[in-house]
Amino acid sequence: MSFDTRHLNQQRMPLDDEATVWLFGYGSLIWKAGFPYHERKPATISGWARRFWQGSHDHRGTPDAPGRVVTLIGAPEALCHGMAYHIDAKTLGPLDHREKNGYVRETVTLYFHDGSHAEGLVYIATEDNAAFLGDAPIETMAEQIHQAHGPSGPNRDYLLNLASALEALGAEDAHVFALADQVRQR
Ligand code: SIN
């Protein structure tokens with residue numbers, strides 16, 4: 001799969017511009033919306049674990065020195081806590097651009113804290129995308145995040161902002177919190 005997933009996303013999930021859709025954010029989309037929305041509220045999805053396994057050449061790193069950003073890995077027992085946004089379908093155009101480095105839209109069920117649920121979308125960078133880095137020892141990942149810097153700023157800001165946003169939500173995420181501790185120590 002090429003780096004740029006914009007065309008793929010529009011082809012595989014055409015949506016009427018007048019429609020509205022729920023979008024689940026689990027990374028920068030939690031703490032840096034930067035797009036219009038009708039409503040925003042915490043939500044959880046099940047069967048997915050958040051991992052810093054996706055390379056970032058365009059936001060938090062460069063092609064020569066990629067950073068690490070989050071993607072979701074299928075994990076039957078896992079819960080992933082994040083933020084849901086109710087958006088106009090036409091807002092997906094700019095989001096496809098923002099998430100173009102390997103992320104494809106998937107459908108998921110979003111569970112809200114009041115017990116209700118809704119079908120929605122999430123951007124996932126799958127293992128077959130060219131920017132996927134995969135797992136590595138925690139010290140190696142922390143060092144890479146500590147060093148990397150891209151057009152959107154230092155990679156460590158991405159990680160620490162995400163950790164703070166999850167803490168503010170009261171959300172558990174051992175992987176993110178362990179990496180944030182390692183990077184704070186550097
Ligand atoms: C997301 O936040 O939902 C996707 C990954 C990212 O943009 O950080």
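Before reading further, recall that the structure is shown in the block above.
Residues numbered from 1 in each chain as written. Predicted model: local features only at pLDDT ≥ 70, side-chain atom pairs only at ≥ 80, totals over all residues. Heavy atoms only, no water.

Peer 1: Please clarify how the pattern of salt bridges should be interpreted in this entry.
Peer 2: One pass over the full model with this rule turns up eight salt bridges. Among the ionic pairs, aspartate 88 bridges to lysine 90, the shortest N-O distance being 3.9 Å. (Salt bridge = Lys/Arg side-chain N within 4 Å of Asp/Glu carboxyl O.)

Peer 1: Would you explain the site of the ligand in this entry?
Peer 2: Looking at the ligand, the residues that line it are Phe24, Gly25, Tyr26, Gly27, Ser28, Leu29, Val70, Glu99, Tyr103 and Tyr158. Leucine 29 has a polar backbone atom sitting 2.9 Å from an oxygen atom of the ligand. Glutamate 99 places a side-chain nitrogen or oxygen 2.8 Å from an oxygen atom of the ligand. Burial of the ligand by the protein chains amounts to 96% of its free accessible area of 250 Å². For the shell around the ligand, the elements supplying multiple residues, two or more each, are β1 (20–25) and α2 (28–31). Along the lines of polarity and charge, the residues of the shell around the ligand split into six nonpolar, three polar and one charged. (Near = heavy atom within 4 Å. Polar contact = N/O pair within 3.5 Å; in protein donor to acceptor, adjacent residues only side chain to side chain. Areas by Shrake-Rupley, 256 points an atom, 1.4 Å probe, with all protein chains shown as cover. Helix = DSSP H or I, 4+ residues; strand = E, 2+ residues; numbered from the N terminus. Nonpolar A, V, L, I, M, F, W, Y, C, P; charged D, E, K, R; others polar.)

Peer 1: So what exactly am I meant to see when it comes to the nonpolar core here?
Peer 2: Generally speaking, nonpolar side chains in soluble globular proteins are found buried as a group. In this structure, Phe52 and Leu110 are the most contacted members of the largest nonpolar core, which totals 51 residues. It is strand β3 (residues 67–88) that provides the largest number of residues to this core, a total of nine residues. The residues contacting phenylalanine 52, other than those within four sequence positions of it, are Arg68, Val69, Val70, Met141, Ile145, Tyr158, Leu159, Leu162, His175, Val176 and Leu179. (Core = buried A, V, L, I, M, F, W, Y, C linked by side-chain atoms within 4.5 Å. Buried < 20%, exposed > 50% of the residue type's maximum accessible area, 1.4 Å probe, protein only. Contact = heavy atoms within 4.5 Å.)

Peer 1: Help me understand the sheet that holds β3 in this model?
Peer 2: Backbone hydrogen bonds hold the strands of a sheet together, and the pairing may be parallel or antiparallel. With mixed pairing, five strands are arranged side by side around a closed barrel as β1-β3-β2-β4-β5. Taken over all neighbouring pairs, the strand axes of this sheet differ in orientation by 45 degrees on average, direction set aside. As judged from the two bridges shared by strand β2 (residues 39–56) and strand β4 (residues 103–112), these two strands associate in the antiparallel manner. Bridge pairing in β4 links threonine 44 to tyrosine 111. (Pairing = 2+ DSSP bridges. Axes fitted to C-alpha atoms, helices over the stretch in contact; angles between N-to-C directions.)

Peer 1: Even after reading the chapter, I still don't get the pairing of β3, so can you show me in this structure?
Peer 2: As a general feature of sheets, a regular strand has side chains that alternate between the two faces. When β1 meets β3, the two strands line up antiparallel, connected through six bridges. Within β3, the residue paired with tryptophan 22 across the bridge is histidine 86. As paired strands, β2 and β3 are joined by 15 bridges and run antiparallel to one another. Across the sheet, glutamate 39 pairs through a bridge with histidine 86, a residue of β3.

Peer 1: Explain the side chain of threonine 71 here, please?
Peer 2: Assignment of secondary structure puts threonine 71 in strand β3. We classify threonine 71 as buried; its relative accessible area is 0%. Separated by 2.8 Å, the side chain of threonine 71 and the backbone oxygen of alanine 125 make a polar contact. Ignoring anything within four residues of it in the chain, the contact list for threonine 71 reads Tyr26, Ala49, Arg50, Arg51, Trp53, Gln54, Ile124, Ala125 and Phe132.

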